[in-house]
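Residues per chain are reported as follows:
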Amino acid sequence: MPMTPPDYAWHFTPGSAFARDNGTTGTLAPVVIGDVTLPTGRVVACDPFVLLGSGDAEPFAVTVAPGRYRAEAAVATLVSPDTPQGAVPHTRVVAARLVIRDAPAVSWEMAVEAGQDPSLLGEDEFYGYGVDAGTGCFYDAAADGSFPGTEEEEGAVWAAMETVGHGPAVFLAEGEDGHTLAGFTSGWGDGCYPTWIGRDAEGRVTCFVTDFLVVPPRASASA
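Bear in mind that the values here come from a model prediction, so they are computed numbers and not experimental data. (Residues numbered from 1 in each chain as written. Predicted model: local features only at pLDDT ≥ 70, side-chain atom pairs only at ≥ 80, totals over all residues. Heavy atoms only, no water.)

1. A short note on the packing of aromatic side chains
We apply this condition: Between the rings of Phe, Tyr and Trp (Trp by its six-membered ring), a pair exists once the centres lie within 6.5 Å; its type follows the angle of the planes, with under 30 degrees stacked, over 60 edge-to-face, and the other angles tilted. Note on conventions: DSSP H or I runs of at least 4 residues are helices, E runs of at least 2 residues are strands, and numbering of each starts at the N terminus. Note on exposure labels: buried denotes an accessible area under 20% of the residue type's maximum, exposed denotes more than 50%, and partly exposed covers the range between, all computed with a 1.4 Å probe on protein chains only. For a Lys NZ or an Arg CZ to count as sitting over a ring, it must be within 6 Å of the ring centre and within 35 degrees of the ring normal.
In this structure the tally under the stated criterion is six aromatic pairs. Relative to Phe 212, the ring of Phe 184 has its centre 6.0 Å away and its plane inclined at 55°; by these criteria the two rings are tilted. Placement of the pair is Phe 184 in strand E10 (residues 180-185) and Phe 212 in the loop between strand E12 (205-211) and helix H3 (217-222), with a sequence separation of 28 residues. Residue Phe 184 is classed as buried on the basis of its relative accessible area of 0%. Overall, the relative accessible area of 1% leaves Phe 212 in the buried class. What links up through ring pairs into an aromatic cluster is the set Phe 138, Phe 184, Tyr 193 and Phe 212. For the cation-ring pair, Arg 97 lies above Phe 12, with the distance from its terminal atom to the ring centre recorded as 4.1 Å.

2. Re the environment of Ser 146
Along the chain, Ser 146 falls in the loop between strand E8 (135-140) and helix H2 (156-162). Separated by 93 residues in sequence, Ser 146 and Gly 53 have C-alpha atoms that sit 7.6 Å apart.

Structure (structure tokens):
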């Protein structure tokens, strides 16, 4: 069986808490990043410093109505058993979501690109996007060429990233022709991360959520 998702509403509920096997505990809080413009409704999630502008980033097969949609990050404040009293809190982005409809999700499905079939996956496997620069993002497929200079460490995405201080970075980059991109650091860093689609009781898409696999699955399932 492929990976089974938890109910990601839990990740974005202030005060949700979890514990890792190493004794580290985390408390979650949502952070609003800003609105992402989707002129075509074709959502792309990827590492912007690797694929943005390359023409190789594929949108998800499920599309939504064109519009502006709120992007948020779920940020965990982490405390380990050996954390000194009064130390600066250690924080990580554990998940990011693009909110399509403010309604509870009653079901979740893996976000896939054209040609990907979840039924072919083995136990706990998933389709996801690779991260090699510690960052993920959401944007519209039509915006792929609207952020020139990203590969050369220039342009709007780099400028937005550089405005972020210490800790988990979340930022909104404004590109050409009114396009926007929501960016965020990816959990512990590089890896491969799944995105899930939430649907309401009527089957309408409520959100896209990328899970950076910081929260143990059993933590959110038992909350």
